[in-house]
Structure formats: C-alpha cells, structure tokens
Number of protein chains: 2
Amino acid sequence: MKKSDPPKRICVDMDEVMADSITEHLARYNRDYHDNITKDDLRGKWIWDVVAIDRHPRLEEYLRSDDFFAVLDVMPDAQRVLGRLQQHYEVFIASAAMEVPTSFNAKYRWLARHFPSIPATHIVFCGDKSILRADYLIDDNPRQLRRFVGEGILYDAPHNIAVKGFRRVCNWLEIEEFFLDKK
Amino acid sequence: MKKSDPPKRICVDMDEVMADSITEHLARYNRDYHDNITKDDLRGKWIWDVVAIDRHPRLEEYLRSDDFFAVLDVMPDAQRVLGRLQQHYEVFIASAAMEVPTSFNAKYRWLARHFPSIPATHIVFCGDKSILRADYLIDDNPRQLRRFVGEGILYDAPHNIAVKGFRRVCNWLEIEEFFLDKK
C-alpha cells in the first residue's frame, strides 16, 4: 500500500467471528432439554440440522431473548487484533441482525462494551451482505460470502468445515497473520 | 436495460424521505416549549441551528423516545412508487439508525407496518453510507450523499435547500418520473 492510497476496508461479522454464540446456544439448549450436544456434534451442520426445531421450540427463542447476546464471550484475541487492524485498515462491523430483529439493542450494547474503539458510524446491521462496499468480508456464513463483492474470508465454524472456495481462518491470530504480517 | 442485466440497485433513506419526521419533531417541540416554529423557519438550516439545544434538551430526547418513530406519517405517494420501483430495481432501505441506537426497533416496526413488501434482508441500519454498494442513494442528507459511491439523489428538505451538485427530487412523484418514466 502506498502512503497516499486510502486504507482498504474490512467488514467483520459478529456472531461466531467476534462473539462466541454457539457455546451459549448449546449451553442453553443442553440445560433446558437435558441433552449433551457438543461443538463436535455440529461438524458440517447447523444446529437446526441436529436438533428438530419443532420439538425444541426454545432453540429459536434463545436467539430472540434480550439477554442472549449480552452474555456472549469475545473470541480469543479478537479485541487486540481488531485494534491493530484499525491502525492499517478501515474496519466496519457487519452483522446480519435483520434475521433476529429483537437483537439490535443487545448487539449494539455488546459492541460498545467489548469493542469501544469502534465508532457507531462503522456498525452495520443488515440482512443481505451483498450490500456492503468493502474489500474484505470476514464471515463464518458461506452464503453471505458468496453474495459479497470483494474477497471473502471464511471464519472457521463447525457448520462450515466442508466449505471450499474461500481463504479460511481458524482464529484471530490467523486474521492477524493474513492482514498484518506483511505490514 | 437489457433483459439479461441484473436490476440496478437503489438505496432509500428513511427519515425525511419515507417518513415525515420533521413534522412530528416540530409538533413535539412546539407543544412542550410553547413555540410556533414551522418548516419555513427551517429553510437552509437544521432544527439545531434554530433552537438552542442546551436550553431545549427535549429536542434530542424526542428522537430517542420509543414512540417517536412509531407515529410518523408516510410521505405522500411513497408506498405506491416504492412498490413500482421494486418491480424494476433492487430496492434497499438504508437508515443512519446508528445515530439514534434506541430507534432500531421502532424503525423496523414502522417499515414492517407501512412497507410490508420490503423483506428484512433488504433493510440496512448503518452510520456512514459510504458502506452501501448500490447504484443510487435517495437521501435528504448531503453529507451522506457526498460519501456514497454511486449517484446521489437529493430528496428536498428545508435544511438542504441551498445544497448544489446533486439531482434534486421534491417528492415521490419526481422519484417515479426519474426512475420509471423511461421504463
């Protein structure tokens, strides 16, 4: 990058990239339904493929509850690496929050609490990520990456292990390596 | 447009383009502070330029209150023309909702109520509209239009009467004329 070039722009998904939502989702399900599903059981599948939603209606309710997002852990190294990215790139947070409209406020508060360096101007709640004008999108959802115009980076998650065709990162250290080690 | 081309994409702002927020904002201010400010008084100005915010603190509170957005009128002809636009273009709604984070739910409900033909996938709450990948943005805020990459269409509002450099539309009939009369 020449000094005069504007910084490249990276969009970062929230669920399963910045926030560990699967762990909490499984914990609530296992607690309420006395089951013992693990992340390993979700390899190559979404949770909906493993657990019949019609017999476990709370599975969807968890995502809509006010306190679900509030308690999610930050993915390891995400805060430090995202802070470094902001020094060299323009970073936007892009969540498909329209899928769960009741999550808006909780997601906004979670970001303000755990990532205070991100200005409100650089947060996007959307549905279809083809609307994002950016150079990169880091996302665990291959459907969103396929629609995105730019380079899609697939963040490793149990449901996407069989997905090909994108650069895959398994954690934030690999994000750091890809975007920053050449800086 | 050739039959095989994908439809062009239009982003449409909410406040002052789809929803008449100034009328309600002025009504609440005039009621609470026993004043009589009209839209004409706002020519070339934002309401903050006319009324000192430090002496009228409710002016900001109105925008944050749960019921503010819920009661806003739809701009004349917006529903019919937007429905026609959807037949020829891909239409996204793009609101700078991050400026008033407490407005997310009210804005979402307002859209569902008045514009049920817009799928959740095509709603975007953002801050900086340079993040939008679209061919057109219809917005009353010249600051957003200047950052947008694509053709900005300025929707007429009291505060922007002196703004030059964009195609100006004064109502939804002019939007219809610009986008659809050649169809």
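Criteria and cut-off values
- Residues numbered from 1 in each chain as written.
- Chains lettered and ligands numbered in written order.
- Predicted model: local features only at pLDDT ≥ 70, side-chain atom pairs only at ≥ 80, totals over all residues.
- Heavy atoms only, no water.
- Phe/Tyr/Trp six-rings, centres within 6.5 Å; stacked < 30°, edge-to-face > 60°.
- Helix = DSSP H or I, 4+ residues; strand = E, 2+ residues; numbered from the N terminus.
- Buried < 20%, exposed > 50% of the residue type's maximum accessible area, 1.4 Å probe, protein only.
- Axes fitted to C-alpha atoms, helices over the stretch in contact; angles between N-to-C directions.
- Parallel < 35°, antiparallel > 145°, perpendicular 65-115°, else oblique.
- Left-handed = near helix turned anticlockwise from the far one by under 90°.
- Contact = heavy atoms within 4.5 Å.
- Nonpolar A, V, L, I, M, F, W, Y, C, P; charged D, E, K, R; others polar.
- Patch = residues over 30% accessible without salt bridge, like charges linked within 9 Å, V, L, I, M, F, W, Y side chains within 5 Å.
- Areas by Shrake-Rupley, 256 points an atom, 1.4 Å probe, with all protein chains shown as cover.
- Salt bridge = Lys/Arg side-chain N within 4 Å of Asp/Glu carboxyl O.
- Buried area = accessible area lost by both parts, 1.4 Å probe.
- Polar contact = N/O pair within 3.5 Å; in protein donor to acceptor, adjacent residues only side chain to side chain.

**As for the packing of aromatic side chains**
Taken as a whole and assessed by the stated rule, the structure comprises 21 aromatic pairs over all chains. Ring plane angle 90 degrees and centroid distance 4.9 Å describe the contact between A:Tyr136 and A:Phe179, whose orientation is recorded as edge-to-face. Pair noted here: A:Tyr136 is in strand 6 (residues 136-139) and A:Phe179 is in helix 7 (residues 172-180), with a separation of 43 residues, a long-range link. Here A:Tyr136 matches A:Phe179 in class, with each residue buried. By way of ring pairs, the aromatic residues A:Phe104, A:Tyr108, A:Phe125, B:Phe104, B:Tyr108 and B:Phe125 are connected into one cluster.

**What about the packing of helix 4 (residues 78-88) of chain A against helix 7 of chain A?**
Residue and element names in this part refer to chain A. Taken N-terminus to C-terminus, the directions of helix 4 and helix 7 make an angle of 15 degrees; their axes are 9 Å apart at the nearest point. In terms of orientation, helix 4 lies roughly parallel with respect to helix 7. Crossing hand, helix 4 versus helix 7: left-handed. Between helix 4, through Ala78, Arg80, Val81, Leu82, Arg84, Leu85 and His88, and helix 7, the contact on the second element is made entirely by Trp172, Leu173, Ile175, Glu176, Phe179 and Leu180. In terms of residue class, the contact of helix 4 with helix 7 is built from 9 nonpolar, 1 polar and 3 charged.

**Side note on a nonpolar patch on the surface**
A contiguous nonpolar patch, built from A:Trp46, A:Trp48 and A:Ile53 and spanning about 260 Å² of accessible area, is present on the exposed surface. With respect to the element layout, A:Trp46 can be found in the loop between helix 1 (21-33) and helix 2 (47-50).

**A look at the interface of chain A and chain B**
At the junction of the two partners, chain A supplies 25 residues and chain B supplies 25 residues. Buried area between chain A and chain B, both sides added, is near 2,100 Å², and the carbon and sulfur share of it is 59%. When the area that chain A buries against chain B is broken down by residue, the three leading residues are A:Met98, A:Ile131 and A:Arg133, summing to 34%. For the pair chain A and chain B, the interface holds 0 salt bridges. Where chain A touches chain B, the interface holds 11 residue pairs in polar contact (both at pLDDT 80 or more). Mapped onto the side of chain A that touches chain B, the elements with two or more residues apiece are strand 1 (9-12), strand 4 (90-95), helix 5 (104-114) and strand 5 (123-125) of chain A. Of the residues belonging to the side of chain A that touches chain B, the class tally is 15 nonpolar, 5 polar and 5 charged.

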